[in-house]
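# Examination of the molecular architecture
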Amino acid sequence: MASKSGRTPQHTDPHSRQARIAEMRRADQVRERRNKAIAITVASSVVVGLVGFGAWVLIDQKQTEQRKKDAAVKLFKEQQELRKKPVEGEQLWDATKFGRNHVETPVKYEMNPPVGGDHHPRWMNCNGDVYANPVPEVHAVHSLEHGAVWVTYNEKAPKADVDKLSARVEKTPYSLMSPVKEQTGSIMLSAWGKQLTVDSADDPRVAQFFTKYVQGEQTPEPGAACTSGVASK
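Residues numbered from 1 in each chain as written. Predicted model: local features only at pLDDT ≥ 70, side-chain atom pairs only at ≥ 80, totals over all residues. Heavy atoms only, no water.

### What about the side chain of Asn-154?
In this structure, Asn-154 sits in the loop between strand E3 (149-153) and helix H3 (159-170). Accessibility expressed as a relative area gives 5% for Asn-154, which makes it buried. In terms of polar contacts, Asn-154 uses its side chain to reach the backbone amide nitrogen of Lys-156, at 2.9 Å. For Asn-154, the side chain forms a polar contact with the main-chain oxygen of Gly-185, separated by 3.1 Å. If we ignore the near neighbours within four places in the chain, the residues touching Asn-154 are Val-180, Lys-181, Gln-183, Thr-184, Gly-185 and Ser-186. (Helix = DSSP H or I, 4+ residues; strand = E, 2+ residues; numbered from the N terminus. Buried < 20%, exposed > 50% of the residue type's maximum accessible area, 1.4 Å probe, protein only. Polar contact = N/O pair within 3.5 Å; in protein donor to acceptor, adjacent residues only side chain to side chain. Contact = heavy atoms within 4.5 Å.)

Structure follows, in structure tokens:
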């Protein structure tokens, strides 16, 4: 029977309603599975990326360490070769004839700067020490006995060379530097029984002299202290 409005009443099929609800649930489940799959894929990509990056970092670190080791080995070999070669133009003395007594009286040395002989019981500090004023020879000779290289210069040495040599000494344990007004060469390097005169701090023999004689085979007392001695500047 028709209603007063003339419309036929609509009756909802309960089976149809349940079907729509089931369809919506299935759609939600599909969406949820798809979102989980996307999340898992993204997470897996991130993990793979992090693992790959970590592996790259480890490989790079190992390669860097290996390069450092290779460079150190190469430097050591080069230094060994330099130590075997004589320094061109150096003066040599028979160190077996040097006295090595500790004395507190003046000592007359046969060369200037001296490269060996009797000396004061206390050494000049030679741990990269640069002295602005002359130092007592008897203390410096004791430093040479400990394996130090003593760099000296007079007023003829250009300031730029003095600065370069100072920088080298300051970064080199078992070395010291001071002015010696009366020396014949403008720049001279001394070790126990060895001496070299150069005109420039850039002379390649400077580096060779340091490599060969800082704690070199000529050292009467290798490993002896270069600190806790005389430190007057």
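### Examining the side chain of His-120
With respect to the helices, strands and loops of the structure, His-120 is situated in the loop between strand E1 (91-92) and strand E2 (127-130). Among the polar contacts listed, one links the side chain of His-120 to the backbone nitrogen of Arg-122, at a separation of 3.0 Å. His-120 has contacts with His-102, Val-103, Glu-104, Val-138, His-139 and His-142, leaving out every residue within four places of it along the chain.

### Examining the pairing of strand E4 (residues 175-179)
Of all the 5 residues making up E4, 5 are buried; the element is thus mostly covered by neighbouring parts of the structure. Across the two faces of E4 the burial is the same, with Ser-175, Met-177 and Pro-179 and Leu-176 and Ser-178 all buried. Bridge count for E2 against E4 is 3 bridges, and the pairing is parallel. Within the sheet, the bridge partner assigned to Val-130 lies in E4 and is Met-177. Sheet topology note: the E3/E4 ladder contains 5 bridges and is parallel. Among the inter-strand pairings, Tyr-153 is bridged to a residue of E4, identified as Pro-179. For the crossover that starts at E3, traverses H3 and ends in the parallel E4, the hand is right-handed. (Pairing = 2+ DSSP bridges. Right-handed = clockwise from strand over helix to strand, strands pointing away.)

### Side note on the pattern of salt bridges
Considering all chains together, one arrives at 6 salt bridges under this definition. Where Lys-36 meets Glu-32, a salt bridge forms, and the shortest distance between an N and an O atom there is 3.6 Å. Of the two residues, Lys-36 and Glu-32 both sit in helix H1 (residues 14-84), 4 residues apart, roughly one turn of that helix. Looking at Glu-32, the relative accessible area reads 44%, which means it is partly exposed. For Glu-221, the salt bridge identified is with Arg-100, shortest N-O distance 3.2 Å. Linking Glu-221 in the segment after helix H4 (204-213) with Arg-100 in the loop between E1 and E2, this pair joins segments that are 121 residues apart in sequence. Residue classification places Glu-221 among the partly exposed positions, given a relative accessible area of 26%. Each member of the salt-bridge network shares a partner with another, and the members are Arg-100, Glu-145 and Glu-221. (Salt bridge = Lys/Arg side-chain N within 4 Å of Asp/Glu carboxyl O.)

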